[in-house]
Amino acid sequence: MIEHAVLGVFDDLDKAGQARAALLADGFDADALELKVHNDEAGPVEGNFYVGNTPSESAQHVYDRNYANPVQRAQCLLVVDANDAAMAARAGAIMAGFGARDPNQLSATGGGGAPLPARPS
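This report concerns the structure included in the present document. Here the structure is a predicted model, which is why all the values come from computation and not from measurement.

1. Considering the sheet that holds strand β3 (residues 76-81)
And then number 1: Taken in spatial order, the three strands of this open sheet run β1-β3-β2, and their pairing is antiparallel. Sheet topology places β1 (5-10) and β2 (33-37) at the edges, where each strand pairs with a single neighbour. For this sheet, the mean inter-axis angle between neighbouring strands, taken without regard to orientation, is 15°.
And then number 2: With six bridges connecting them, β1 and β3 associate as antiparallel partners. Across the sheet, residue Ala5 finds its bridge partner in β3, namely Asp81.
And then number 3: Here helix α1 (residues 13-25) sits on the sheet and contacts β1, β2 and β3; the angle it forms with β2, its principal contact strand, is near 175°.
And then number 4: Helix α3 (residues 85-96) rests against β1 and β3 of the sheet, and its axis sits at about 10° to β1.

Set out below in structure tokens:
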């Protein structure tokens, strides 16, 4: 059982990868880091190639607004198995620097999520 897990949600795989690299550079063991990428077979939630962003066709239902620039949010989860509370705080601060959000806050705020709190190192 992980006693000091830190989870960070990223919208962008590049940012999640940068956070992972920063954790490794800071001395975290590679075995203590797990990066998961979740994809939805239905496509992105914005700019969906099949249904767009609105449920009906209209003059305002234009390609650029509804189909171009697909956006997938909260697709990447970086999990850190920290040895103690101080390491967990350090991991949270590093991930917050790359835009990680607290997964516990995602549903509570309607999907926007709160940034991970910056913790003193």
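Continuing now.
2. With respect to the pairing of β3
Put simply, side chains in a regular strand alternate between the two faces of the sheet.
And then number 1: With five of six residues buried, β3 lies mostly within the body of the structure.
And then number 2: With five bridges joining them, β2 and β3 adopt antiparallel strand pairing. When the sheet's bridge partners are listed, Lys36 is paired in β3 with Leu77.

3. Some details on the environment of Ala30
And then number 1: By the element assignment, Ala30 lies in the loop between α1 and β2.
And then number 2: C-alpha of Ala30 to C-alpha of Arg20: the two residues are ten residues apart in sequence and 8.8 Å apart in space.
And then number 3: Excluding residues within four positions of it along the chain, Ala30 makes contact with Arg20 and Leu24.

Cut-offs used in this document
Residues numbered from 1 in each chain as written. Predicted model: local features only at pLDDT ≥ 70, side-chain atom pairs only at ≥ 80, totals over all residues. Heavy atoms only, no water. Pairing = 2+ DSSP bridges. Helix = DSSP H or I, 4+ residues; strand = E, 2+ residues; numbered from the N terminus. Axes fitted to C-alpha atoms, helices over the stretch in contact; angles between N-to-C directions. Contact = heavy atoms within 4.5 Å. Buried < 20%, exposed > 50% of the residue type's maximum accessible area, 1.4 Å probe, protein only.

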